[in-house]
Amino acid sequence: MKHEKILILGACGQIGVELTLALRKLYGESNVFATDIREEHELLRGTGPYSVLDAMDGAAITEFIKKEGVTQVYLLAALLSATGEKNPKKAWDINMQSLLQLLDISVQEKLNKIYWPSSIAIFGATTPKQGTAQKTIVEPGTVYGISKYAGELWCQYYNARWGVDVRSLRYPGLISWKSAPGGGTTDYAVEIYYEALKEQKYTSFLSEDTYLPMMYMDDAIRGTIELMEAPAEQIKSRMSYNFAGMSFSPKELTEAIKQHIPEFSISYEPDYRQQIANGWPQSIDDTAARSDWGWKHEFDIEKMTDEMLKNLAVKLQLA
Ligand code: SER
């Protein structure tokens, strides 16, 4: 068993639930402290310690770290792209303040490592859309993307100036069946599976040919842990790493689902999220992650669709 005490802020979100469960397997359940402002997620119950802790409350976080001897923190609390556009100032405050505060705490409390996620949302309409490079034109068009790019720069700054071992990934759209996404532009790719099983039809809020980078959650969790476990000298980027699995459109995802549910049908009613998606890359070049610390994805659209439909059918008691 590895000797770390890990604090997770935002443990009840889409990534937090599965990451907490995976880290508990690796580090021992009593060494991974799940926290959120919400009620404990049902899948976390009975799997280890849970506390209510606000990612914005620096004093409470510092006290928690001292009391429990925390050595690593994962900051997963954030407002995502679609929610952020409804309340830009709030998204900026939450996404930036929680990070800046944690970077300071990390220096003061001499944490071993911190993890903070970035996103494909840092890229914008002027970024080349195909095979988007690690370093390219970056002019984000959403407040979420602005906050993530500014955050990446702050991470790099704290690493250079104070030696903070902060690590980060630019997540694509994440697809999972255990925990629900919240407020993202890529959420259609999760909703579609629920509706395919329950109603055999789905109305997409993105148009049929909207290609976006996506990843199955199992890959995302494994990649996150591999990044965090890699020797520090392999982490050559202290901004955030491009991180890719697959790319597809709603139309292609529909075809993959139809292999299992032939009667499934889709219609399209693009809304404000279409404009957000139009500003994002269609595919990502993650060569740096692959060469620096050995990233390799496993799931393609077919393998993911098998897993999603199989597991959701059980969860929804349709199997
Ligand atoms: N899934 C996120 C979103 O759509 C991308 O980081 O906001």
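Rules used throughout
- Residues numbered from 1 in each chain as written.
- Predicted model: local features only at pLDDT ≥ 70, side-chain atom pairs only at ≥ 80, totals over all residues.
- Heavy atoms only, no water.
- Patch = residues over 30% accessible without salt bridge, like charges linked within 9 Å, V, L, I, M, F, W, Y side chains within 5 Å.
- Areas by Shrake-Rupley, 256 points an atom, 1.4 Å probe, with all protein chains shown as cover.
- Salt bridge = Lys/Arg side-chain N within 4 Å of Asp/Glu carboxyl O.
- Helix = DSSP H or I, 4+ residues; strand = E, 2+ residues; numbered from the N terminus.
- Buried < 20%, exposed > 50% of the residue type's maximum accessible area, 1.4 Å probe, protein only.
- Near = heavy atom within 4 Å.
- Polar contact = N/O pair within 3.5 Å; in protein donor to acceptor, adjacent residues only side chain to side chain.
- Nonpolar A, V, L, I, M, F, W, Y, C, P; charged D, E, K, R; others polar.
- Phe/Tyr/Trp six-rings, centres within 6.5 Å; stacked < 30°, edge-to-face > 60°.
- Lys NZ or Arg CZ within 6 Å of the ring centre and 35° of its normal.

> I'd like to hear about a nonpolar patch on the surface, residue by residue, with values.
On the surface, a cluster of nonpolar side chains totalling about 320 Å² of accessible area is made up of Trp154, Tyr157 and Trp162. Its location among the elements puts Tyr157 in helix H5 (residues 143–162). For Tyr157, a relative accessible area of 37% puts it in the partly exposed group.

> Account for the site of the ligand, naming residues and giving values.
Near the ligand the following residues occur: Leu80, Ser81, Ser119, Tyr144, Gly184, Thr185, Thr186 and Trp280. The separation between an oxygen atom of the ligand and a polar side-chain atom of Tyr144 is 3.2 Å. At a separation of 2.8 Å, a nitrogen atom of the ligand approaches a polar side-chain atom of Thr186. Taken by itself the ligand offers 240 Å² of open surface, and the protein chains cover 93% of this. Classifying every residue of the shell around the ligand gives three nonpolar, five polar and no charged.

> Describe the packing of aromatic side chains, listing the residues and the values that go with them.
Following the criterion strictly, the structure yields 13 aromatic pairs and no others. On the basis of an interplanar angle of 80° and a centroid distance of 5.5 Å, the ring pair of Phe33 and Phe64 is categorised as edge-to-face. Taken together, the residues span a long stretch of sequence, with Phe33 in strand E2 (residues 32–36) and Phe64 in helix H2 (residues 58–68) at a distance of 31 residues. A residue is classified by how much of its surface remains accessible, and Phe33, at 6% relative accessible area, is buried. An angle of 40° between the planes, with centres 5.6 Å apart, marks the rings of Tyr74 and Tyr115 as tilted. Placement of Tyr74 in strand E4 (residues 72–75) and of Tyr115 in strand E5 (residues 113–115) is noted, with a sequence separation of 41 residues between them. One exposure class covers both Tyr74 and Tyr115, and it is buried. Lying across the ring of Phe205, Arg273 places its NZ or CZ 3.5 Å from the centre. The aromatic ring of Phe299 is capped on one face by Lys303, whose charged end is 4.5 Å from the ring centroid.

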